[in-house]
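Read off the chains here:
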Amino acid sequence: MAKGRLAAGARVGGIKNKIKRQQMYHKLKKEGDKSAKQARKLRQKETEELGEDAPKRVQRTLDNTREADDTFVSPDDEEVAGEDSFDEFAPHFSGGLPPRTMITTGRYPSDKLLSFVEELLVMLPNSEYRPRNAITVKRIVAACTERSFTNLLLLTEKAKKPQSLWLIKLPGGPTARFKLTTLVLPKRISGHGRPTAHRPELILNNFSTRLGHRLGRMLACLFPHDPQFKGRQVVTMHNQRDFVFFRHHRYVFEDNTGKGDVAVRLQELGPRFTLKLKSLQLGTFDPQHGEYEWKHKADLDTSRRRFHV
């Protein structure tokens, strides 16, 4: 139906007489709908005749029609694997440096932001919260480095709504700035569960470019590299169209039939939120004089099908 409307609208745009334009529009729309219906019936008939051998139609989306990127990373890329062995995140993945995260906020955090911090403290192993007060971020970075913290999370807000999340990898960087949106706390999630102290499993999905690969490793440094599967908790960070969707679940095994057949479902623990990368800076926090690996600019958005992460 939509195709008929679009085709008809495009073909009658040059007719100035309103009545004539409407008549032609309805006529062309009817013809377009009829041809679309016939094509649909033909496809159904072919599918019934061919059965399992029938070709499957793949719907065109922004994801599967994404522009090709020279920085795509394959799982068996030896060059990237070599770089990973000595980058800033290598000590974490080698197991020699367990994560320890400091969380702070702006100077006057709202109740909602503090509630979000409480949820992060439960979810992130070895994390602590310290009020910002009037201390500068550079002084906080220095203090955290002296106390052997490996990550610093800085949450900011605007009009009492969480707005940005800064992730600073200690001691030497890099520093990532994200736009934080669609925050939903557990109390707003129907049927949510309560997380336990077990170390969660981490799933990173669709970080396919060089920038995305580096960002995924940086986010992974927030969680221990040896999850406790006994807790059945999993944190998922799914990248889609440069938006990183964050979810926190627990596997639940149930025997509802009484016959020993176990069903598996996911129970959301929360919180849920979405991140969008705005900049990735070399070194620790220095917005004025820092060197940027990547920074989002308007001229990068040349197409709806161009993604960077």
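Higher on the page you've got the structure.
A few points on the structure.

Definitions and limits used
Residues numbered from 1 in each chain as written. Predicted model: local features only at pLDDT ≥ 70, side-chain atom pairs only at ≥ 80, totals over all residues. Heavy atoms only, no water. 1 Å grid on protein atoms, 1.4 Å probe; cavity = no way out; pocket = protein on both sides within 12 Å on 5 of 7 lines; lining within 4 Å. Points joined across faces, edges and corners; volume = space filled by probe spheres on them. Helix = DSSP H or I, 4+ residues; strand = E, 2+ residues; numbered from the N terminus. Nonpolar A, V, L, I, M, F, W, Y, C, P; charged D, E, K, R; others polar. Contact = heavy atoms within 4.5 Å. Buried < 20%, exposed > 50% of the residue type's maximum accessible area, 1.4 Å probe, protein only. Pairing = 2+ DSSP bridges.

Digging into empty space enclosed by the protein
Across all of its chains, the model carries one cavity of 30 Å³ or more by this definition. Approximately 110 Å³ is the volume found for the largest cavity. Lining the largest cavity, in full, are Leu120, Met123, Leu124, Leu153, Leu165, Leu219, Leu222, Phe223, Met237, Phe246, Phe273 and Leu275. Among the secondary structure elements, those contributing two or more residues to the lining of the largest cavity are α5 (111–123) and β10 (272–281). Of the residues in the lining of the largest cavity, the class split is 12 nonpolar, no polar and no charged.

Remarks on the side chain of Thr104
With respect to the helices, strands and loops of the structure, Thr104 is situated in strand β1 (residues 101–105). Setting aside its immediate chain neighbours within four residues, Thr104 contacts Tyr129, Arg130, Pro131, Arg132, Ile140, Leu152, Leu153, Leu154 and Leu155.

Section: the pairing of strand β4 (residues 161–169)
Side-chain direction in a regular strand flips from residue to residue, so the side chains alternate between the two faces of the sheet. Of all the nine residues making up β4, seven are buried; the element is thus mostly covered by neighbouring parts of the structure. In this structure, strand β3 (residues 151–158) lies alongside β4, joined through eight bridges in antiparallel fashion. Counterpart to Leu154 in the pairing with β4 is Trp166. Counting the residues in the hairpin turn of β3 and β4 gives two residues, including Ala159, whose phi is positive at 55 degrees. Counting the residues in the hairpin turn of β4 and strand β5 (residues 175–184) gives five residues, including Gly173, whose phi is positive at 95 degrees.

Thoughts on unusual backbone geometry
Of note, the bond from Leu170 into Pro171 is cis; its omega dihedral lies within 30 degrees of zero at 10 degrees. Here Pro171 shows up in the loop between β4 and β5. A cis amide bond links Gly173 with the next residue in sequence, Pro174, at an omega value of 5 degrees. Mapped onto the elements, Pro174 comes out in the loop between β4 and β5. Even without being a glycine, Asn126 presents a positive backbone phi close to 55 degrees. Summarising the element assignment, Asn126 is placed in the loop between α5 and β2 (127–129). Relative accessible area serves as the criterion here: at 48%, Asn126 is assigned to the partly exposed category. Its identity is not glycine, yet Lys160 carries a phi of approximately 65 degrees, on the positive side. With respect to the helices and strands, Lys160 occurs in the loop between β3 and β4. The exposure class of Lys160 is exposed, given its relative accessible area of 65%.

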